[in-house]
Amino acid sequence: MSVNVLLLLVMAVLFATGIYLLLERSLTRVLLGILLVGNAVNLLIVIAGGPAGLAPLYEKDIPAEEYADPLPQALILTAIVITFAVTAFMLALIYRSWVIAKRDEVLDDPEDLRVAEQGHFDVEEDAEVPEDTTEFSSDDADSKGARP
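Residues numbered from 1 in each chain as written. Predicted model: local features only at pLDDT ≥ 70, side-chain atom pairs only at ≥ 80, totals over all residues. Heavy atoms only, no water.

Trainee: Whenever I open this one, the nonpolar core confuses me. Can you help?
Mentor: Burial of nonpolar side chains together is a common tendency in soluble globular proteins. Formed by Leu-27, Val-30, Leu-31, Ile-34, Met-90 and Ile-94, the largest nonpolar core amounts to 6 residues. Taken together, the elements giving at least two residues each to this core come down to α2 (27-48) and α3 (70-101). Here this core gets 4 residues from one element, more than from any other, and that element is α2. Leu-27 has contacts with Met-90, Leu-93, Ile-94, Ser-97, Asp-104 and Val-106, leaving out every residue within four places of it along the chain. Counting residues in hydrophobic clusters, the runner-up holds 5 residues, among them Met-11, Leu-14, Ala-40 and Ile-47. (Core = buried A, V, L, I, M, F, W, Y, C linked by side-chain atoms within 4.5 Å. Buried < 20%, exposed > 50% of the residue type's maximum accessible area, 1.4 Å probe, protein only. Helix = DSSP H or I, 4+ residues; strand = E, 2+ residues; numbered from the N terminus. Contact = heavy atoms within 4.5 Å.)

Right, dumping it as structure tokens:
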């Protein structure tokens, strides 16, 4: 099986551009990133599905190797439906954001900014460690038959 290098290149560009757009603060750019990543996933499934073949309808004269695998087709249809649902949800979020704030950017929450400005305190790392108050000494462990 030979892989079409042009399809791989297009898929890689779609993934890279889509992920770059997903990291933006504008919801419209996030939506475009989701669409690009969805199309890149569809191309990935097409590439992984192998070479084209005959329709997967059984005939006695045709050997099994000449049929196309129907699983990638089903996976692509599922990916299209999922991408459509996420797109509809994102469009609703963008519309709601535009109606409420007249912008489609995600803003920082003031409470998150306040927490981020605080110093880092980890309870386990920063707690004072008391002195060793064990009631067993190393001599007791040796006398009980503990092996080194």
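Having seen the structure, we can now continue with the description.
Trainee: Which parts of the structure should I look at to understand the pattern of salt bridges?
Mentor: Charged atoms that come close allow side chains of opposite charge to pair. This structure, assessed with the given rule, holds 2 salt bridges. Between Glu-24 and Arg-29 there is a salt bridge whose closest N-O contact spans 3.5 Å. Close ionic contact of Glu-111 with Arg-114 constitutes a salt bridge, the shortest N to O distance being 2.4 Å. Taken together, the residues span about one helical turn, with Glu-111 and Arg-114 both in helix α4 (residues 110-117) at a distance of 3 residues. According to the relative accessible area criterion, Glu-111 is partly exposed, its value standing at 41%. Looking at Arg-114, the relative accessible area reads 42%, which means it is partly exposed. (Salt bridge = Lys/Arg side-chain N within 4 Å of Asp/Glu carboxyl O.)

Trainee: Whenever I open this one, the side chain of Thr-87 confuses me. Can you help?
Mentor: Within the element layout of this structure, Thr-87 appears in helix α3. Discounting chain neighbours no more than four positions away, the residues touching Thr-87 are Leu-31 and Leu-35.

Trainee: For this particular structure, what's the right way to read a nonpolar patch on the surface?
Mentor: Together, Leu-6, Leu-9, Val-10 and Val-13 make up an exposed nonpolar region whose accessible area comes to about 360 Å². Looking at the element boundaries, Leu-6 is found in helix α1 (residues 5-22). (Patch = residues over 30% accessible without salt bridge, like charges linked within 9 Å, V, L, I, M, F, W, Y side chains within 5 Å. Areas by Shrake-Rupley, 256 points an atom, 1.4 Å probe, with all protein chains shown as cover.)

Trainee: Any chance you could explain α2 here in plain terms?
Mentor: Every α-helix winds through 3.6 residues per turn, so residues three or four apart in the chain are directed the same way. Helix length check: α2, at 22 residues, gives a terminal C-alpha distance of 31 Å against a target of 32 Å (1.5 Å per residue), a fit within 8%. Within the sequence span of α2, burial applies to Leu-27, Val-30, Leu-31, Gly-33, Ile-34, Val-37, Gly-38, Ala-40, Asn-42, Leu-43, Ile-45 and Ile-47. Of the surrounding secondary structure, the elements contacted by the buried residues of α2 are α1 and α3. Where α2 ends, the next residue or the one after it, Gly-50, has phi of about 90°, a positive value. (Expected span 1.5 Å × (residues − 1).)

Trainee: Sorry if this is basic, but what is going on with the packing of α1 against α2 here?
Mentor: When two helices pack together, their arrangement is given by the angle between their axes and by how far apart the axes lie. Put simply, α1 and α2 touch, their axes get as near as 7 Å, and they point 155° apart. Compared by their axis directions, α1 and α2 come out roughly antiparallel. Judged by the sense of rotation from one axis to the other, the crossing of α1 with α2 is left-handed. Within the contact of α1 with α2, the residues separate by chemical class into 19 nonpolar, 4 polar and 1 charged. (Axes fitted to C-alpha atoms, helices over the stretch in contact; angles between N-to-C directions. Parallel < 35°, antiparallel > 145°, perpendicular 65-115°, else oblique. Left-handed = near helix turned anticlockwise from the far one by under 90°. Nonpolar A, V, L, I, M, F, W, Y, C, P; charged D, E, K, R; others polar.)

Trainee: Teacher, can you tell me more about the layout of surface pockets here?
Mentor: By rolling a water-sized probe across the atoms, one finds the places where empty space is left. For the largest pocket, the calculated volume is near 170 Å³. Mapped onto the lining of the largest pocket, the elements with two or more residues apiece are α2 and α3. Top element by residues in the lining of the largest pocket is α3. It accounts for 3 residues. Of the residues in the lining of the largest pocket, the class split is 7 nonpolar, 4 polar and 1 charged. (1 Å grid on protein atoms, 1.4 Å probe; cavity = no way out; pocket = protein on both sides within 12 Å on 5 of 7 lines; lining within 4 Å. Points joined across faces, edges and corners; volume = space filled by probe spheres on them.)

These results come straight from atomic positions and should not be treated as a statement about function.
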